[in-house]
Amino acid sequence: MEDELRDLVEAEDLGALRRWLDDRPPHEVAAELGRLDQPAMALPFRLLEKDRALEVFEELDPVHQQCVLDGLRDQAFRELVEEMDPDDRARMLAEAPATVVRRVLAGLSPGERRTTAALLGYPEGSVGRVMTPEVVWVHPWQSVAEALATVRLRGADAETVYTLPVIDIGRRLLGVVSLRTLVLSDPEERLDELVNTEVPSVAATDEAEGAARLMQEADLLGLPIVDSEQRLVGLLTVDDAIEVIEEADTEDVERQAAASPLGRPYLAAGVLALARSRLPWLLLLIVAATMTVNVLTFFEASLAEVTALALFIPLITGTGGNAGSQSATSVVRALAVGDVRFGDLPKVLWREGRVGLVLGVALAAIGVVVCTLFAGWRLGLVVALSLIAVCAWAAVVGGGMPLLAKKIGVDPAVVSAPMVTTLVDATGLIIYFLTAHAVLGL
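Residues numbered from 1 in each chain as written. Predicted model: local features only at pLDDT ≥ 70, side-chain atom pairs only at ≥ 80, totals over all residues. Heavy atoms only, no water.

## Details of the sheet that holds strand β5 (residues 232–237)
Item 1. Strand order in the open sheet formed by three strands is β3-β4-β5, with mixed pairing between adjacent strands. Strand pairing shows two members of the sheet lacking a second neighbour, β3 (202–203) and β5, which therefore form its edges.
Item 2. Relative to strand β4 (residues 222–226), β3 runs parallel, the two being bridged by two bridges. Looking at the pairing, Val202 lines up with Ile225 of β4. (Pairing = 2+ DSSP bridges. Helix = DSSP H or I, 4+ residues; strand = E, 2+ residues; numbered from the N terminus.)

## Some points on the state of the cysteines
Item 1. Per the stated rule, a full pass over the model turns up zero disulfides.
Item 2. Cys371 takes part in no disulfide bond, and the closest cysteine sulfur, belonging to Cys391, lies 13 Å away.
Item 3. For Cys371, a relative accessible area of 1% corresponds to the buried category. (Disulfide = S-S within 2.5 Å. Buried < 20%, exposed > 50% of the residue type's maximum accessible area, 1.4 Å probe, protein only.)

## Concerning the pattern of salt bridges
Item 1. Counted by the stated rule, this structure contains nine salt bridges.
Item 2. Taking the shortest distance from any N to any O, the salt bridge between Asp168 and Arg172 comes out at 3.3 Å.
Item 3. Its salt-bridge partner being Glu209, residue Arg213 comes within 3.3 Å of it at the nearest N-O pair. Taken together, the positions of Arg213 and Glu209, both in helix α13 (residues 208–218) and four residues apart, correspond to about one turn of that helix.
Item 4. Counted as one network, the salt bridges with shared partners bring together Arg91, Glu243 and Glu247. (Salt bridge = Lys/Arg side-chain N within 4 Å of Asp/Glu carboxyl O.)

## Here we look at the nonpolar core
Item 1. Leu33, Phe45, Phe57, Leu69 and Val104 are the most contacted members of the largest nonpolar core, which totals 35 residues.
Item 2. Those residues in contact with Phe57, other than ones at most four positions away along the chain, are Phe45, Gln65, Val68, Leu69, Leu80, Met84 and Met92.
Item 3. Core analysis: the second largest hydrophobic core is formed by 21 residues, Phe312, Ile313, Ile316 and Ala426 among them. (Core = buried A, V, L, I, M, F, W, Y, C linked by side-chain atoms within 4.5 Å. Contact = heavy atoms within 4.5 Å.)

## What about the UniProt feature "transmembrane region" (unreviewed entry) in the protein?
Item 1. The positions UniProt marks with the feature "transmembrane region" (unreviewed entry) are residues 279–299, 355–375, 381–405 and 417–440.
Item 2. Annotated as 100% helix and 0% strand, the span residues 355–375 places its first and last C-alpha atoms 29 Å apart.
Item 3. Along residues 381–405 one finds 100% helix and 0% strand; the C-alpha atoms at either end are 36 Å apart. (UniProt positions renumbered as here; feature names shortened; annotations may be inferred.)

## Remarks on the packing of helix α4 (residues 38–46) against helix α6 (residues 62–70)
Item 1. Orientation of α4 relative to α6, taken along the N-to-C sense of each, is 70 degrees, at an axis distance of 8 Å. The pairing of α4 with α6 is recorded here as roughly perpendicular in orientation. Across the interface between the two elements, Gln38, Met41 and Phe45 of α4 pack against His64, Cys67, Val68 and Asp70 of α6.
Item 2. A class-by-class count of the residues in the contact of α4 with α6 yields four nonpolar, two polar and one charged. (Axes fitted to C-alpha atoms, helices over the stretch in contact; angles between N-to-C directions. Parallel < 35°, antiparallel > 145°, perpendicular 65-115°, else oblique. Nonpolar A, V, L, I, M, F, W, Y, C, P; charged D, E, K, R; others polar.)

Below, the structure written as structure tokens:
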């Protein structure tokens, strides 16, 4: 039943509330807690057992974690943040107000405080911020039996044991060996005969999204993270990589819709925060849309001479904008997953131009019939030719702008659908009126 947790909290039925919490997995409890108002989160969270509370807490978004912490007493607060994985703790603190950061760091043991401070010392958006430093590593001179003993000894304190970095005496990364390989190998076999030296690694200062995409492409459960001297400093785990990709994709979707990333769940954002994320882009698009007004003003005499031209302006601009948006969305996604690079610009423009021509011809075949019925065959021909040219042009613009934006260091999603649509509206009208001049002899 929807909002069952909310109903139980409002009724203050502690027995039913405990049963509800016990019957559901941590990720589902976290999802429902995130739907509650901040004051209401504290009651169900306090009813969770200590170990289960930590599992639920680590499933929450950072903004909801801060809400829960605000409702805890100092002792419960210290115990919870102390038991968190260092990377999850650093992720929460990166988005927390300064007062929360100070309170969390003050409540940590010296060792956990140093580990958390080290992660927060990496640049924002880097993989160092999201990696786990709690790694079980092994040495190449160890036997399989000795390596498995190391896993048993230190594995309980690590976030994962499925990917085991192999390092030399100077902690330099040599490769990795999987737990599966150890379990299936001869106990007496040495690790230098089993180590996989072809597994990629990335620097801790590299972009987190790029590292996560690399893991996705290489089908890895863990990606070794090294410093400038190739010494092991951590491991990017698959669950953290999925979160990084999800956040990046969410930001791209928001920017493609002409809004700034919220950085928090939708229901956790207030009305003013939502408005602030959208208003600057709408103002920018209004300024860009003045190009359309200028085009109409320039061709005012043509409109006065053939007023029927005005009937098909929405058709031309709407079709061109939609064609450009489709192209831009496809290329932005291809960039995100590494399918295309800036060097592929000529290929992309050639491909999208041909796609636009095919779409334009198909739409023109329908448009010429409809327009002829309303305004005669000559205006129908104008519309048909304009549709072909506008669709081809829009596809080229939509395909090229994200690649050019990436080249100059601008997020491709920023210049995708809304900006492409606005640009194509103005230039599409120029194509339309120039075609009308040529066909109608204006």
